[in-house]
Amino acid sequence: MWARALRVRFRTPLDRGRGFASKAGPQEKVQETGQGTHSPRLALQGADRVPAAKIEHLERLALVNFGSREAVARLEKAIAFADQLHAVDTDGVEPLESVLEDRCLYLRSDNVAEGNCTEELLRNSHHVVEEYFVAPPGNISLPDMVNKTPSPTAE
Amino acid sequence: MLGRTLREVSAALKQGQVTPTELCKKCLSLIKKTKYLNAYITVSEEVALKQAEESEKRYQQGQSLGDLDGIPVAVKDNFSTSGIETTCASNMLKGYIPPYNATVVQKLLDQGALLMGKTNLDEFAMGSGSTDGVFGPVKNPWSYSKQYRERRRHDEHGDSHWLITGGSSGGSAAAVAAFTCFAALGSDTGGSTRNPAAHCGLVGFKPSYGLVSRHGLIPLVNSMDVPGIFTRCVDDTAIVLGVLAGHDPKDSTTVQDPIKPLMIPGEMDVSRLCIGIPKEYMVPELSSEIQSLWSQAADLFASEGAKVIEVSLPHTCYSIVCYHVLCTSEVASNMARFDGLQYGHRSGIDVSTEAMYAATRQEGFNDVVRGRILSGNFFLLKENYENYFIKAQKVRRLIVRDFVNAFESGVDVLLTPTTLSEAVPYLEFIKEDNRTRSAQDDIFTQAVNMAGLPAVSVPVALSNQGLPIGLQLIGRAFCDQQLLTVAKWFEKQVQFPIIQLQDLMDDGSLVLENGKLTSVSLT
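Residues numbered from 1 in each chain as written. Chains lettered and ligands numbered in written order. Predicted model: local features only at pLDDT ≥ 70, side-chain atom pairs only at ≥ 80, totals over all residues. Heavy atoms only, no water.

J.: Would you take a moment to explain the overall build of chain B for this structure?
T.: Secondary structure assignment for chain B yields 18 helices and eleven strands. Residue burial in chain B is summarised as follows: out of 523 residues, 68% are buried. Considering only contacts within chain B whose residues lie at least 6 apart along the sequence, 78% involve residues at least 24 apart. Carbon and sulfur atoms make up 50% of the accessible area of chain B, which amounts to about 16,900 Å² in all. (Helix = DSSP H or I, 4+ residues; strand = E, 2+ residues; numbered from the N terminus. Buried < 20%, exposed > 50% of the residue type's maximum accessible area, 1.4 Å probe, protein only. Contact = heavy atoms within 4.5 Å. Areas by Shrake-Rupley, 256 points an atom, 1.4 Å probe, with all protein chains shown as cover.)

Here it is as structure tokens:
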């Protein structure tokens, strides 16, 4: 029971990261079919190259651009570095999520201990209306934008 | 007064030889004099003076809060500080003012410590040099020491050959090494406290994972991050750890075991110790000077009757690779929170939510952070998750097992180098990219984070160039007290010399009543 609670807790940050990913899900197909043509220099040319479609997929998931061939090369190096792991025999080894896996994790009782800090929290946001954070229109996906607006880095 | 250790100055405060306000002002003036080190991002002068005033009142009424009351401390700028800007040395968080204190910060303040400021780091603590933050690199105070200047080649004039501090907590290390405070908090995910401690001639301590709260420490790798402690001697570290350790309801990964008051005995029976020397740490890249000091240290333990044995941690060579995958993956997920909506930088691009997110993150993060986010996302892709992320978690278990096996074979403490070499000049350091550098510099330190063990870097000697060299002691999980006891004994034997900062000594601020500098060294 407690072990399960621990598992859940340690998965949470990852799931959040993949939350970003799942949002991007519907666009994946469009991405992959429409890619690879307008940036051929990123295309797979050797075993180490990451295909252009994957680069753009990653950019969408991460909401961060590579911006340059050097950055892509850095990813390729990082992957090659990570590939050394495959030399390790891990047959029958369980993945380790936390060094505290054999201990109980304690959950706080579900009582309100603090709060009433709405104003303080809102103060750190650049754009609020009443008690709301304000986001720009949410129904336009990033790929639609790519060709319509200048790249933020170009400014 | 400033050259004293925390314990000594605490005694001076209690005896009324100095008041908290005097001490605070001396430190503030030294912070200004050493501004060129770039150790601090924010100097919280007003806050510190106000805290000093309150502390002074307590001393006058004989109601001091303890050893830390009135003691100037500094905190790495990735710990949240209520009402004080917390930037992580990133454009993403410039101007961000947390509404709460990190638990460790709160604990220091509750003991009456004076917060002098927030110290510089690599952006989001990603780096091993303290060179990759938006506020510029931190300079190692040893660059300006008499010891280094005297031995430096004559053709190297001017300031262009200043040395890096190591990182990522280089600002905290420089702050303590330059006597601007008596202790500082760093964070340690892969060696970020121990590495700069070794390069700056300090004691740098990484507690067991789960002993000290991470609440309010802006996370890098949740499963490895711990707050770290910098001081000028082991006793001081023990004092600070005594204050910080313990369960925090706001961090469910802190263990609830009752924490006994931390007592580091003055004497210890070394003959009952078993010191392990991991043979895999003998790598060709290790400088011959460090290698020789390492074996001298082993001999020292042996000559005092300790059992010194070679041990094997066979998966050591994969450790840095495993760390790389786990670190970037957790970074990718942790950094997802920075979207410009609730706090931090927000791009002016307003055409759509996603465009705003992407532009914000492009403008807010540096190349290193973006690179790690992208690598991490690659390792977390559906088709790669098993092959990289889960694979790395499996290798992590093997690395942890290596340590368990070593300790089960009877070893009490492992003795290793902390770094491959002494601090290098900035111009040399930046020739390699951040990832390569981190892979080299974290080589002896990150495995400890994967296993959650306590470890401490103890300064042992000066190199031929007059620069500090540290060795690392690694203890069993939650045997932090035993580890510090051994570290204290070791520190006493090696008699590491105090840094001689000529510029600072000219005005007498480091000279004591008897005209002599005192510190950890008795020489």
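J.: Would you mind going over the overall build of chain A with me for this structure?
T.: Scanning chain A from N- to C-terminus turns up six helices and two strands. Scored against the burial criterion, the 155 residues of chain A give a buried share of 34%. Residue pairs at least 24 apart in sequence account for 50% of intrachain contacts in chain A once pairs closer than 6 positions are excluded. As displayed, chain A offers around 10,100 Å² of accessible surface, 51% of which is attributable to carbon and sulfur atoms.

J.: Teacher, can you tell me more about the confidence of the model for chain B here?
T.: Parts of the model with low pLDDT should not have their predicted coordinates read in detail. Scored by pLDDT, chain B comes out at a mean of 93, with 95% of its residues at no less than 70. This stretch, residues 511-523 of chain B, has a pLDDT under 50; its non-local contacts, to residues over four places away or in other chains, come to 29 contacts. (pLDDT = per-residue confidence, 0-100.)

J.: Can you walk me through the interface of chain B and chain A in this structure?
T.: How big an interface is tends to be stated in terms of the accessible area lost upon association of its parts. Taken together, the contact between chain B and chain A spans 80 residues of the former and 68 residues of the latter. Buried surface at the junction of chain B and chain A, both sides included, amounts to about 6,900 Å², of which 63% is carbon and sulfur. Three residues stand out in chain B for area buried against chain A, namely Glu354(B), Leu374(B) and Arg397(B), and they jointly supply 10% of the buried area on that side. There are six salt bridges connecting chain B and chain A. (Buried area = accessible area lost by both parts, 1.4 Å probe. Salt bridge = Lys/Arg side-chain N within 4 Å of Asp/Glu carboxyl O.)

J.: What is the right way to read the environment of Ala52(B) from this model?
T.: Residue and element names in this part refer to chain B. Looking at the element boundaries, Ala52 is found in helix α3 (residues 45-60). Judged by relative accessible area, which is 0%, Ala52 ranks as buried. Once residues within four sequence positions are removed from consideration, Ala52 is found in contact with Pro20, Thr21, Cys24 and Leu114.

J.: Before we go on, may I ask you to explain the confidence of the model for chain A in this structure?
T.: Residue and element names in this part refer to chain A. For chain A, per-residue confidence averages 70 on the pLDDT scale, and residues scoring 70 or more make up 61% of the total. Within chain A, no element has a lower average pLDDT than helix α2 (residues 27-34), which sits at 34, and none a higher one than strand β1 (residues 128-129), at 96. Note that pLDDT drops below 50 for residues 1-47; the model gives that stretch 69 contacts with residues more than four away or on any other chain. Contacts from residues 147-155, a stretch scored under 50 in pLDDT, to residues over four places away or in other chains number five contacts.

J.: I'm lost on the UniProt feature "active site" (unreviewed entry) in chain B in this one. Help?
T.: Residues and elements named next belong to chain B. Taking the UniProt record as the reference, the feature "active site" (unreviewed entry) is found at Lys76, Ser168 and Ser192. Judged by maximum C-alpha separation, these annotated positions cover 117 residues in sequence but sit close together in space, the widest gap being only 11.0 Å. Positionally, Ser168 belongs in the loop between α5 (146-151) and α6 (170-177). Judged by its relative accessible area of 0%, Ser168 is buried. Setting aside residues up to four positions removed in sequence, Ser168 forms contacts with Lys76, Asn120, Leu121, Asp122, Ala125, Gly127, Ser128, Ser130 and Ser192. (UniProt positions renumbered as here; feature names shortened; annotations may be inferred.)

J.: Please clarify how the pattern of salt bridges should be interpreted in this entry.
T.: One side chain can pair with another of opposite charge once the charged atoms of both are near each other. All names here are of chain B. Evaluation of the coordinates by the stated rule reveals 20 salt bridges over all chains. Salt-bridge contacts for Lys32 lead to Glu45; the nearest nitrogen and oxygen are separated by 3.4 Å. Of the two residues, Lys32 is situated in helix α2 (residues 20-33) and Glu45 in helix α3; the sequence distance between them amounts to 13 residues. You can call Lys32 exposed: its relative accessible area is 52%. In this structure Glu45 comes out as partly exposed when scored by relative accessible area, which is 30%. Here Lys50 ties to Glu54 by a salt bridge, and the two come within 3.4 Å at their closest N and O atoms. Separated by four residues within a single helix, Lys50 and Glu54 lie in helix α3, roughly one turn from each other. Residue Lys50 is classed as exposed on the basis of its relative accessible area of 53%.

J.: Would you mind showing me how to read the packing of helix α12 (residues 367-380) of chain B against helix α13 (residues 385-408) of chain B here?
T.: Describing two packed helices takes the angle between their axes plus the distance from one axis to the other. Residues and elements named next belong to chain B. Here α12 crosses α13 at 105 degrees, and the two axes come no closer than 6 Å. On the basis of their axis angle, the class for α12 and α13 is roughly perpendicular. On α13, the residues touching Phe378, Phe379 and Leu380 of α12 are Tyr385, Tyr388 and Phe389. In terms of residue class, the contact of α12 with α13 is built from six nonpolar, no polar and no charged. (Axes fitted to C-alpha atoms, helices over the stretch in contact; angles between N-to-C directions. Parallel < 35°, antiparallel > 145°, perpendicular 65-115°, else oblique. Nonpolar A, V, L, I, M, F, W, Y, C, P; charged D, E, K, R; others polar.)

J.: Got a minute to help me understand the packing of aromatic side chains in this structure?
T.: Residue and element names in this part refer to chain B. All chains considered together, the criterion is met by 15 aromatic pairs over all chains. Each ring, one from Phe338 and one from Phe365, has its centre 6.1 Å from the other, and the planes form 90 degrees; the classification is edge-to-face. In this pair, Phe338 sits in the loop between α10 (316-334) and α11 (353-364) while Phe365 sits in the loop between α11 and α12, placing the two residues 27 residues apart along the sequence. The pair formed by Phe338 and Phe365 is uniform in burial state, with each residue classed as buried. The interplanar angle of 80 degrees and the centroid separation of 5.9 Å between the aromatic rings of Phe378 and Phe379 together place this pair among those described as edge-to-face. Both residues of the pair, Phe378 and Phe379, count as buried. Among the aromatic residues, those joined into a ring-pair cluster are Tyr96, Phe124, Phe338, Tyr343 and Phe365. (Phe/Tyr/Trp six-rings, centres within 6.5 Å; stacked < 30°, edge-to-face > 60°.)

J.: What am I meant to see in the nonpolar core here?
T.: Most often, soluble globular proteins have nonpolar side chains that are buried together. Met116(B), Phe124(B), Phe301(B), Phe403(B), Leu415(B) and Leu473(B) are the most contacted members of the largest nonpolar core, which totals 194 residues. Dropping the residues within four chain positions of it, Phe124(B) is found in contact with Cys88(B), Ser90(B), Met92(B), Leu93(B), Ile218(B), Leu220(B), Met335(B), Phe338(B), Phe365(B) and Val369(B). (Core = buried A, V, L, I, M, F, W, Y, C linked by side-chain atoms within 4.5 Å.)

J.: I'm lost on α13(B) in this one. Help?
T.: For an α-helix, the turn length of 3.6 residues means that residues three or four places apart are oriented alike. Residue and element names in this part refer to chain B. Here α13 is 24 residues long and its end C-alpha atoms lie 33 Å apart, about the 34 Å a rise of 1.5 Å per residue gives. Along α13, the largest kink reaches about 30 degrees and is centred on Lys391. Where burial is concerned, most of α13 is hidden: 18 out of the 24 residues are buried. A positive backbone phi angle near 110 degrees is found at Gly410, which sits one or two residues after α13. (Expected span 1.5 Å × (residues − 1). Bend = angle between axes of the 7 residues up to and from the residue.)

J.: Mind showing me how you'd approach the sheet that holds strand β7 (residues 274-278) of chain B here?
T.: Strands pair in a sheet through their backbones, by hydrogen bonds, and they do so in one of two ways: parallel or antiparallel. Residue and element names in this part refer to chain B. Pairing is mixed across the open sheet formed by eleven strands, whose spatial order is β1-β3-β2-β4-β6-β5-β10-β11-β9-β7-β8. Among the strands making up the open sheet, the edge pair consists of β1 (40-43) and β8 (307-311). In this sheet, neighbouring strand axes are inclined to one another by 30 degrees on average, regardless of whether the strands run parallel or antiparallel. Direction of pairing for strand β5 (residues 203-206) relative to strand β10 (residues 455-462): antiparallel, over a ladder of three bridges. Across the sheet, Phe205 pairs through a bridge with Val456, a residue of β10. (Pairing = 2+ DSSP bridges.)

J.: Teacher, can you tell me more about helix α3 (residues 52-62) of chain A here?
T.: By the criterion of burial, α3(A) is predominantly enclosed, with nine of the eleven residues buried. Within the span of α3(A), buried status applies to Ala52(A), Ile55(A), Glu56(A), His57(A), Leu58(A), Glu59(A), Arg60(A), Leu61(A) and Ala62(A).

J.: Even after reading the chapter, I still don't get the side chain of Asp188(B), so can you show me in this structure?
T.: Residue and element names in this part refer to chain B. Tracing the backbone through its elements, the reader meets Asp188 in strand β4 (residues 183-188). For Asp188, a relative accessible area of 0% corresponds to the buried category. Looking at Asp188, its side chain comes within polar contact range of the side chain of Arg194, at 2.8 Å. With near-sequence residues (within four places) excluded, Asp188 lies in contact with Thr193, Arg194, Lys206, Met224, Asp225, Val226 and Asn449. (Polar contact = N/O pair within 3.5 Å; in protein donor to acceptor, adjacent residues only side chain to side chain.)

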